[in-house]
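Listed here are the chains, written in short residue letters.
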Amino acid sequence: MTSLPSPTKEGGKPSEPGNPQSSDGLQAGLKNRHLSMIAIGGVIGAGLFVGSASGIAAAGPGILLSYALVGLMVVLVMRMLGEMAAARPSSGSFSAYADQALGRWAGFSIGWLYWFFWVVVLAVEATAGAQILEGWIPAVPQWAWALIVMVVLTATNLASVASYGEFEFWFAGIKVVAIGAFVVIGLLAVFGLLPGSDNPGAGLAHLTDSGGFLPKGPGAILTGVLMVVFSFMGSEIVTLAAGESSNPQRAVAKATNSVIWRIAVFYLGSIFVVLTLLPWNDPSILKEGSYVAALNSIGIPHAGQVMDFIVLTAVLSCLNSGLYTASRMAFSLGRRGDAPKAFARTNTRGVPTAAILSSVLFGFVAVFFNYQWPDTVFAFLLNSSGAVALFVWLVICFTQLRMRGIILREAPEKLVVRMWLFPYLTWATIAMISFVLVYMLTDDTAREQVLLSLLVAALVVAIALVKDARGRREKAPAEADG
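As a starting point, this report considers the structure included with it. Keep in mind that what you see is a predicted model, and the values were worked out from it rather than measured.

**Some details on the overall build of the protein**
Next, step 1: Per the secondary structure count, the protein includes 18 helices and 0 strands.
Next, step 2: Within the span of the protein, comprising 482 residues, buried residues form 57% of the whole.
Next, step 3: A separation of at least 24 residues holds for 80% of the contacts in the protein among residues at least 6 apart in sequence.
Next, step 4: Counting every atom, the protein has about 19100 Å² of accessible surface; 67% of that belongs to carbon and sulfur.
Next, step 5: Averaging the positions of the 30 positive and the 27 negative side-chain charges in the protein gives two centres separated by 10 Å.

**Side note on the pattern of salt bridges**
Next, step 1: A complete count under the given rule lists 9 salt bridges for this structure.
Next, step 2: One salt bridge connects Glu166 with Arg33, and the closest N-O pair in it is separated by 2.8 Å. Note that Glu166 is positioned in helix α7 (residues 161-190) and Arg33 in helix α1 (residues 32-41), a separation of 133 residues in sequence.
Next, step 3: Residue classification places Glu166 among the partly exposed positions, given a relative accessible area of 25%.
Next, step 4: Ionic pairing is found between Asp444 and Arg447, a salt bridge with its closest N-O pair at 3.1 Å. Remark: Arg447 and Asp444 occur in helix α18 (residues 444-481); sequence separation between them is 3 residues, near one turn of the helix.
Next, step 5: Looking at Arg447, the relative accessible area reads 30%, which means it is partly exposed.
Next, step 6: One connected set of salt bridges, linked through shared partners, spans Asp99, Arg104, Arg336, Asp338 and Lys467.

**With respect to the packing of α7 against helix α13 (residues 303-335)**
Next, step 1: It is at 9 Å that the axes of α7 and α13 come closest, and there the two elements cross at 145°. Crossing handedness for the pair α7 and α13: left-handed. Contact with α7, carried on its side by Val161, Tyr164, Phe167, Glu168, Phe171, Ala172, Ile174, Lys175 and Ala178, involves Phe309, Ile310, Thr313, Ala314, Leu316, Ser317, Asn320, Ser321, Tyr324 and Arg328 of α13 and no other residues of that element.

**Some thoughts on the packing of helix α12 (residues 290-298) against α13**
Next, step 1: Contact pair α12 / α13: the axes reach a minimum separation of 9 Å and the direction vectors enclose 140°. Between α12 and α13, the crossing angle belongs to the class labelled oblique. The handedness of the crossing between α12 and α13 comes out as right-handed. Taking contact as the criterion, the partners of Tyr291, Val292, Leu295 and Asn296 in α12 are, on α13, Ala303, Gly304 and Met307.

**What to know about unusual backbone geometry**
Next, step 1: Here the residue pair Phe422 and Pro423 is connected by a cis peptide bond, since its omega of 0° sits within 30 degrees of zero.
Next, step 2: Unusually for a residue other than glycine, Leu421 sits at a positive phi of about 45°.
Next, step 3: Looking at the element boundaries, Leu421 is found in the loop between α16 (388-410) and α17 (424-441).

**Here's the deal with the packing of aromatic side chains**
Next, step 1: Under the criterion given, the structure shown has 20 aromatic pairs.
Next, step 2: Ring geometry for Phe167 against Phe171: centres 5.8 Å apart, planes inclined by 70°, an arrangement best described as edge-to-face. In this pair, Phe167 and Phe171 both sit in helix α7, 4 residues apart, roughly one turn of the helix.
Next, step 3: The class of Phe167 is partly exposed, set by a relative accessible area of 33%.
Next, step 4: Here the aromatic cluster, defined as three or more aromatic residues joined through ring pairs, consists of Phe94, Tyr114, Phe117 and Trp118.
Next, step 5: Positioned above the aromatic ring of Phe169 is the side chain of Arg33, whose terminal nitrogen or guanidinium carbon lies 4.7 Å from the ring centre.
Next, step 6: For Arg404, the ring lying beneath its charged end belongs to Phe422, and the centroid distance is 4.3 Å.

About the criteria used
- Residues numbered from 1 in each chain as written.
- Predicted model: local features only at pLDDT ≥ 70, side-chain atom pairs only at ≥ 80, totals over all residues.
- Heavy atoms only, no water.
- Helix = DSSP H or I, 4+ residues; strand = E, 2+ residues; numbered from the N terminus.
- Buried < 20%, exposed > 50% of the residue type's maximum accessible area, 1.4 Å probe, protein only.
- Contact = heavy atoms within 4.5 Å.
- Areas by Shrake-Rupley, 256 points an atom, 1.4 Å probe, with all protein chains shown as cover.
- Lys, Arg positive; Asp, Glu negative; His and termini not counted.
- Charge placed at Lys NZ, Arg CZ, Asp CG, Glu CD.
- Salt bridge = Lys/Arg side-chain N within 4 Å of Asp/Glu carboxyl O.
- Axes fitted to C-alpha atoms, helices over the stretch in contact; angles between N-to-C directions.
- Left-handed = near helix turned anticlockwise from the far one by under 90°.
- Parallel < 35°, antiparallel > 145°, perpendicular 65-115°, else oblique.
- Phe/Tyr/Trp six-rings, centres within 6.5 Å; stacked < 30°, edge-to-face > 60°.
- Lys NZ or Arg CZ within 6 Å of the ring centre and 35° of its normal.

Structure (structure tokens):
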């Protein structure tokens, strides 16, 4: 197991009162309410609001099975990650665990791939937020809105981890309240119990009245899986954030145990409401978006503007968390010697300034590419990071297979969260994720994502192996002299 170098501090002032310093130099500034909302909101991305219409059009009501399958995969992966994170809280989370269990090359590779994924997401979310804001205030150009959003959220992340937690608490809170209200109001309208509703209240009839539950055939369920899988990325953020809380073990255990109901309510519940309020092939679902169409069917005034506001909060939440996640991964890589040493330095507030600024700098460059070369350079960045989520989940699975033995050998009392039916469910999850990756190769729209992501992954792994081999060669003469 590789020992971690001691972090360097940019200044010698003591930790802020009430914010004890964690062992890696970061501040334990996240409160329980912050972590609870990060855990709840982390699984709700803007993709749920924006991308669900395409999934419904592709699979009909069967999209519920697609969401259920991906949700099951995420629950199992989160359980594995929770087992490791509760035993060994770390700002590098699964990258640090891969380093310990599979080798330096694995921690290096998955850490940089995950960083790359999130800095590309920064550009996507900044552009999406800018489009909404420009629609509200056209006098400010879209590129300026993207710049403003990035600068504001960079400032909050630079201020302190508590600032990030506070912003995320409110952003995620709005998403959670909005979806919860949508599910409750929608179900009342579905069964004809909502006063003044414009919806006929057809009950569950719309699930089968337009060609049956699987109008596009069973194969459409897998097509739906490909379309919804990436909207689940982000649920693992809480395991990185837990390292900056006063009681990481409790936070991880709580988040892991609650992931089932979060996916059931927010994903399956809200999509179920859409499909029962409207026939799956209603043109308004694709034209207006699934949630706006559902709200309009009830008779909610200004549904489009209401949903724009909710999507904007989801975008800002994702942007905020993306910057936090990318910077903490860069910080962890710096501590392990897999990134510039400056990334591992924290200021007097326990903030990894260089890691944040380097991450946001790449994000700014990606935003520029999105405006300057959207169909070439940015399309390459987008597609080459597209399958990274699945690679990360695979690495978590293989890491957990090895880490269970390491934890039992070194600190069995810390195994407070256990993967169910180990190792059988771990291997079953590996098979599920591998099947999805292989199936993507047969899909015309997803094939490019997998191939480009594999190309980038192969390049990063090659760099990791060369770096590892060079390190061993340099270490051998020193050991011989010793």
